[in-house]
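Close look at the chain arrangement
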Amino acid sequence: MSITASAPTARAVPLAQRSPAPDLARGFMLLLIAVAHAHMYLSGHEVGFRGYTLDGGTLDRLVAGVQILLVDGRALPMFAALFGYGLVQIANRQAAAGRSWPEVRRVLRARSLWLLAFGFCHALLLFFGDILGAYGLIGLLLVGFVRRSDRALFWAAGIGAVLHVVVLAGFGLLTLSAPKGDTPAAMADPLEALMTRMIGWAGMTPTYFAVGVVSAFLLGIWAARRRLLEEPRAHRALLARVATFGTAVAVVGAVPLTLIDTRLWGPSDAVSVSVYALHSVTGIAGGLAYAALVGLFVAGREGRTGPVGRALAACGQWSLTCYLLQSVVFVALFTPYLGGIGTRVGDAAASGIAVLTWLGSVVLAASLSRTGRRGPAETALRKLTYRRAG
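Residues numbered from 1 in each chain as written. Predicted model: local features only at pLDDT ≥ 70, side-chain atom pairs only at ≥ 80, totals over all residues. Heavy atoms only, no water.

1. Re the overall build of the protein
The line we're drawing: Only DSSP runs of H or I with at least four residues qualify as helices, and only runs of E with at least two residues qualify as strands; both kinds are numbered from the N terminus onward. Atoms considered for the radius of gyration are the C-alpha atoms alone. The globule rule reads 2.2 Å times the number of residues to the power 0.38. Here, residues are in contact when the closest pair of their heavy atoms is within 4.5 Å. Here the open area of atoms and residues is found with the Shrake-Rupley method and a 1.4 Å probe, where only the protein chains shown may cover a residue. Counted as positive: Lys and Arg. Counted as negative: Asp and Glu, with His and the chain ends omitted from the count. Charge coordinates come from a single atom per side chain, which is NZ of Lys, CZ of Arg, CG of Asp or CD of Glu.
Counting its secondary structure elements, the protein contains 13 helices and zero strands. When the helices and strands of the protein are listed from N to C terminus, the series reads α-α-α-α-α-α-α-α-α-α-α-α-α. For the protein, the C-alpha radius of gyration of 20 Å lies close to 21 Å, the compact-globule estimate for 390 residues. Counting contacts in the protein only where the partners sit at least 6 residues apart, residues at least 24 apart contribute 85% of the total. Of the accessible surface of the protein, which amounts to about 16,600 Å², a share of 66% is contributed by carbon and sulfur atoms. Each charge class in the protein was averaged separately, 35 positive and 18 negative side chains, and the resulting centres sit 15 Å apart.

2. Overview of the nonpolar core
To keep it simple, the criterion reads: To define a nonpolar core, start from buried Ala, Val, Leu, Ile, Met, Phe, Trp, Tyr and Cys residues and group those joined through side-chain atoms within 4.5 Å. For every residue, the accessible area obtained with a 1.4 Å probe (protein chains only) is divided by the maximum for its type, and the residue is called buried under 20%, exposed over 50%, and partly exposed between those limits.
Core analysis: the biggest nonpolar cluster contains 94 residues, and Tyr135, Phe217, Leu218 and Phe334 have the highest contact counts within it. For this core, the element with the highest residue contribution is helix α3 (residues 75-96), accounting for 13 residues.

3. Topic: unusual backbone geometry
The phi dihedral of Arg227 falls on the positive side, at around 55 degrees, and the residue is not glycine. The backbone of Arg263 shows a phi angle near 60 degrees, a positive value even though the residue is not glycine. Note that Arg263 resides in the loop between α8 (236-261) and α9 (269-300). Its relative accessible area of 47% is what places Arg263 among the partly exposed residues.

4. A look at the pattern of salt bridges
Heads up, the rule is: Between Lys or Arg on one side and Asp or Glu on the other, a salt bridge is scored when a side-chain nitrogen of the former is within 4 Å of a carboxyl oxygen of the latter.
Per the counting criterion, the structure on display carries seven salt bridges. For the salt bridge of Asp150 with Arg226, the shortest nitrogen-to-oxygen distance reads 2.2 Å. Here Arg226 lies in the loop between α7 (190-225) and α8 and Asp150 lies in helix α6 (residues 150-177), a separation of 76 residues in the sequence. Residue class for Arg226 comes out partly exposed when judged on its relative accessible area of 28%. Among the ionic contacts, a cluster of salt bridges with common partners joins Asp150, Arg225 and Arg226.

5. Here's the deal with a nonpolar patch on the surface
Note the cut-off: Patch criteria: residues need more than 30% relative accessible area and no salt bridge. Like-charged residues are merged within 9 Å; nonpolar side chains of Val, Leu, Ile, Met, Phe, Trp and Tyr are merged within 5 Å.
The grouping of Val255, Leu259, Leu264, Trp265 and Val271 at the surface amounts to a nonpolar patch, some 420 Å² of accessible area in total. Tracing the chain through its elements places Leu259 in helix α8.

6. Focus: the UniProt feature "transmembrane region" (unreviewed entry) in the protein
Formally: UniProt positions are given in the numbering used here, feature names are shortened, and annotations may be inferred rather than shown by experiment.
If you check UniProt for "transmembrane region" (unreviewed entry), the listed places come out as residues 131-146, 153-178, 198-224, 236-257, 277-299, 311-337 and 349-368 in our numbering. For the annotated span residues 131-146, helix accounts for 69% and strand for 0% of the residues, and the straight-line distance between the end C-alpha atoms is 21 Å. For residues 311-337, the helix share is 85%, the strand share is 0%, and the end-to-end C-alpha distance is 34 Å.

7. Comments concerning the packing of aromatic side chains
Working definition: an aromatic ring pair is given by the centre-to-centre distance plus the angle between the planes. We count it as follows: Any pair of Phe, Tyr and Trp rings, taking the six-membered ring for Trp, is counted once the centres come within 6.5 Å. Such a pair is stacked with planes under 30 degrees apart, edge-to-face with planes over 60 apart, and tilted for the rest. Cation placement over rings: the criterion is NZ of Lys or CZ of Arg within 6 Å of the ring centroid and within 35° of the ring normal.
Enumeration according to the criterion identifies 13 aromatic pairs in this entry. Relative to Phe127, the ring of Tyr41 has its centre 5.3 Å away and its plane inclined at 15 degrees; by these criteria the two rings are stacked. Taken together, the positions of Tyr41 in the loop between α1 (20-38) and α2 (58-70) and Phe127 in the loop between α4 (101-125) and α5 (132-142) put the pair 86 residues apart, joining distant regions of the chain. The buried category is assigned to Tyr41, whose relative accessible area is 1%. Through a chain of ring-to-ring contacts, the aromatic side chains of Tyr41, Phe127, Phe128, Phe330 and Phe334 assemble into a single cluster. Over the aromatic face of Phe145 sits the side chain of Arg148, whose NZ or CZ is 5.2 Å from the ring centroid.

8. Brief notes about the side chain of Gln89
If you trace the backbone, Gln89 turns up in helix α3. Apart from the residues lying within four places of it in its own chain, the contact partners of Gln89 are Pro22, Arg26 and Glu230.

9. A closer look at the state of the cysteines
Just so we agree on the cut-off: Note on terminology: pairs of cysteine sulfur atoms within 2.5 Å are recorded as disulfides.
Enumeration according to the criterion identifies zero disulfides in this entry. Left without a disulfide partner, Cys315 is nearest to the cysteine sulfur of Cys322, which lies 3.9 Å away.

10. Brief notes about the confidence of the model for the protein
Under the convention used in this document: Per-residue confidence from the prediction method is given by pLDDT, with values spanning 0 to 100.
Chain-level pLDDT for the protein is 89 on average; 92% of the residues reach the 70-or-more range. The low-confidence segment residues 1-8 (pLDDT under 50) makes 26 contacts with residues lying over four places distant or belonging to another chain.

11. Observations concerning the side chain of His164
Here is the rule we go by: Pairing of N or O atoms within 3.5 Å defines a polar contact, subject to two protein rules: one partner must be a possible hydrogen donor and the other a possible acceptor, and residues neighboring in sequence count only if both atoms are side-chain atoms.
Positionally, His164 belongs in helix α6. Among the residues examined, His164 registers a relative accessible area of 1% and is labelled buried. Among the polar contacts made by the side chain of His164, one reaches the main-chain amide nitrogen of Val281 at a distance of 3.4 Å.

12. Digging into α8
The condition that has to hold: A helix is expected to reach a length of 1.5 Å times the quantity of its residues less one. Given a residue, its bend is the angle between the two axes fitted to the seven residues that end at it and to the seven that start from it.
Over its 26 residues, α8 extends 36 Å from the first C-alpha to the last, a length consistent with the 38 Å expected when each residue adds 1.5 Å. Where α8 bends most, the angle comes to about 35 degrees, and this point is Val255, followed within four residues by the proline Pro256. Along α8, the residues classified as buried are Leu239, Ala243, Gly246, Ala250, Gly253, Ala254, Pro256, Leu257, Thr258, Ile260 and Asp261. Of the residues trailing α8, Arg263 is marked for its positive phi of about 60 degrees.

13. Brief notes about α3
The end-to-end C-alpha distance of α3, which contains 22 residues, comes to 31 Å, matching closely the 32 Å that a straight helix rising 1.5 Å per residue would cover. Of all 22 residues in α3, 18 are buried; the element is thus mostly enclosed. Of the residues trailing α3, Gly98 is marked for its positive phi of about 100 degrees.

Below, the structure written as structure tokens:
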């Protein structure tokens, strides 16, 4: 997987010269990921399809309802689309540096392999719901789509959406029938939690690949070819259509499951499973819509994002580091063998902690990136990807 010493190496784009919209989208995405993951560390409660407690108070149910409606199943596709977008950006920089396609493909696969390794370590040490491994896997297996035709991208995305529904229906049935045990985050024995995390990661990584990731990833490649986020003013009409239609589809598709998981509606098992699959597949449209909204924001301000926007963009530039940092904070606070508050707080408090954690990561990234410093995880991934033979 090493890059040969004779091959030219594309230089990293200085942080100050990067297009703001992709990084802003990643920074916003990390907020969605934080609030979508925090409640997974809670234990001692009966939970619904999306893992929220069914016996929480009014505020807990309200927070859970808002997140099921607007966040859950929407952050993951947004992440996938931005990953596909970023892969094309890397490929373009490599090609501009004079690399042939086989050399470019080798770089992309090396990066994906190391991302898979990062995901393994993340699951081993911290979080059973790691999603880095799935993106590493998709980069390894589908890197060829960077050069495939638009028609091939749309056909594959459609097939991925169908597979998405089938797999999610199976998950819905499993949720109804499987016995409810503690998640690894609730286990008091660190070694037992580690083993359970790794077993779960081994199954969840290929499942994430099949569920919600493929379609959004391929559409992210299509968007990157047209530089929708790098040149948002030139594509304002298209971004507006994606944002409007995608948001409408995602919200309408989420309403039924929101009613079920907040115990406002109790349909039959068959209907519940269908609603669960509907919620997830419409989340693809939601993830794309959120990315489009960021593009529209940047287009409307003509690239001048202001201090808040610059801070969010810095967080996006440090997205891998900030994502891992979230897990460090959550493990330190929630797990029984450390902070132990996972059995004492509800969904609302967990989401509040998630927002504060995200804000802390924004401040950290904004402060340290002013000197052009990159996140430690980003630096490590780049060095590993471009390491030279011998």
